[in-house]
Amino acid sequence: MNVLLWILQVVLALFCFAGGQYKLLHFDELAKVPSAAALPRAGWGAIGVFEILCAVLLIVPAATKWMPVLTPLAAAALVLESLALAVLFAQYSQALSATNPLVYVVAMGLVAAFVAYGRFRPA
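Definitions and limits used
- Residues numbered from 1 in each chain as written.
- Predicted model: local features only at pLDDT ≥ 70, side-chain atom pairs only at ≥ 80, totals over all residues.
- Heavy atoms only, no water.
- Helix = DSSP H or I, 4+ residues; strand = E, 2+ residues; numbered from the N terminus.
- Rg over C-alpha atoms; globule rule 2.2 N^0.38 Å.
- Buried < 20%, exposed > 50% of the residue type's maximum accessible area, 1.4 Å probe, protein only.
- Contact = heavy atoms within 4.5 Å.
- Salt bridge = Lys/Arg side-chain N within 4 Å of Asp/Glu carboxyl O.
- Phe/Tyr/Trp six-rings, centres within 6.5 Å; stacked < 30°, edge-to-face > 60°.
- Expected span 1.5 Å × (residues − 1).

(A) Here's a closer look at the overall build of the protein. Regarding its fold elements, the protein presents 5 helices and 0 strands. Secondary structure elements of the protein occur, N-terminal to C-terminal, as α-α-α-α-α. Taking 123 residues into account, the globule formula puts the C-alpha radius of gyration at 14 Å, and the protein, at 15 Å, falls close to it. Reported as C-alpha extents along the three principal axes, the dimensions of the protein are approximately 45 × 25 × 20 Å. Within the protein, buried positions represent 36% of all 123 residues. Considering only intrachain contacts with a sequence separation of at least 6, the fraction spanning at least 24 residues in the protein is 68%.

Put into structure tokens, the structure is as follows:
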């Protein structure tokens, strides 16, 4: 179970890091998505910084065994963020397809929930 959780943590961290830097650095491309109008540029930038921070906290505390409780807290924070973004994207979704950001956010939330549960669970 520990190996599976590590694999999911690394994959989730990579997706969060990539998504966070995209929201932070590539807002002009993000602005083409209809749901981007729901938040100002600073809002998307704050979400990007939050995702990058959570990506780091998914790996570093558990790997270094320094305050490992931060890892499940970061995963739980990503679950809450995913729920909020899912509501936002659901308001603007036209069709359920692989290019719809709602699919990505829901998948990320499910993986984050599994990681949070797996790491919070007492050994």
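(B) Examining the pattern of salt bridges more closely. Enumeration over the complete set of coordinates arrives at 2 salt bridges. The salt bridge involving Glu 51 is made with Lys 23; its shortest N-O contact spans 3.2 Å. Of this pair, Glu 51 sits in helix α3 (residues 41–64) while Lys 23 is found in helix α1 (residues 2–25), placing the two residues 28 residues apart along the sequence. In this structure, Glu 51 and Lys 23 share a single accessibility class: buried. Arg 41 is the salt-bridge partner of Asp 28, the closest N and O atoms lying 3.9 Å from each other. Separated by 13 residues along the polypeptide, Asp 28 in helix α2 (residues 27–30) and Arg 41 in helix α3 bring together distant segments of the chain. Residue classification places Asp 28 among the exposed residues on the basis of a relative accessible area of 58%. In this structure Arg 41 comes out as partly exposed when scored by relative accessible area, which is 49%.

(C) Molecular detail of the packing of aromatic side chains. Scanning the entire structure with this criterion turns up 2 aromatic pairs. Plain terms: the ring middles of Trp 44 and Phe 89 are 6.2 Å apart, the flat faces sit at 15° to each other, and that makes the pair stacked. Taken together, the residues span a long stretch of sequence, with Trp 44 in helix α3 and Phe 89 in helix α4 (residues 70–92) at a distance of 45 residues. Here Trp 44 matches Phe 89 in class, with each residue buried.

(D) Just the environment of Cys 16, in detail. Position of Cys 16 among the secondary structure elements: in helix α1. On the accessibility criterion, Cys 16 (0% relative accessible area) is buried. For Cys 16 and Leu 96, which are 80 residues apart along the polypeptide, the C-alpha to C-alpha distance reads 21 Å.

(E) Quick look at α4. When the terminal C-alpha atoms of α4 are compared, their 33 Å separation across 23 residues agrees well with the 33 Å that a helix rising 1.5 Å per residue should span. Close packing links the buried residues of α4 with α1, α3 and α5 (101–120).

(F) Fine view of α1. Over its 24 residues, α1 runs 34 Å from end to end, which matches the ideal 34 Å to within 8%, given 1.5 Å per residue. Taken together, the buried positions of α1 are Leu 5, Gln 9, Leu 12, Ala 13, Cys 16, Gly 19, Gly 20 and Lys 23. Looking at the buried side of α1, the elements it contacts are α2, α3, α4 and α5.

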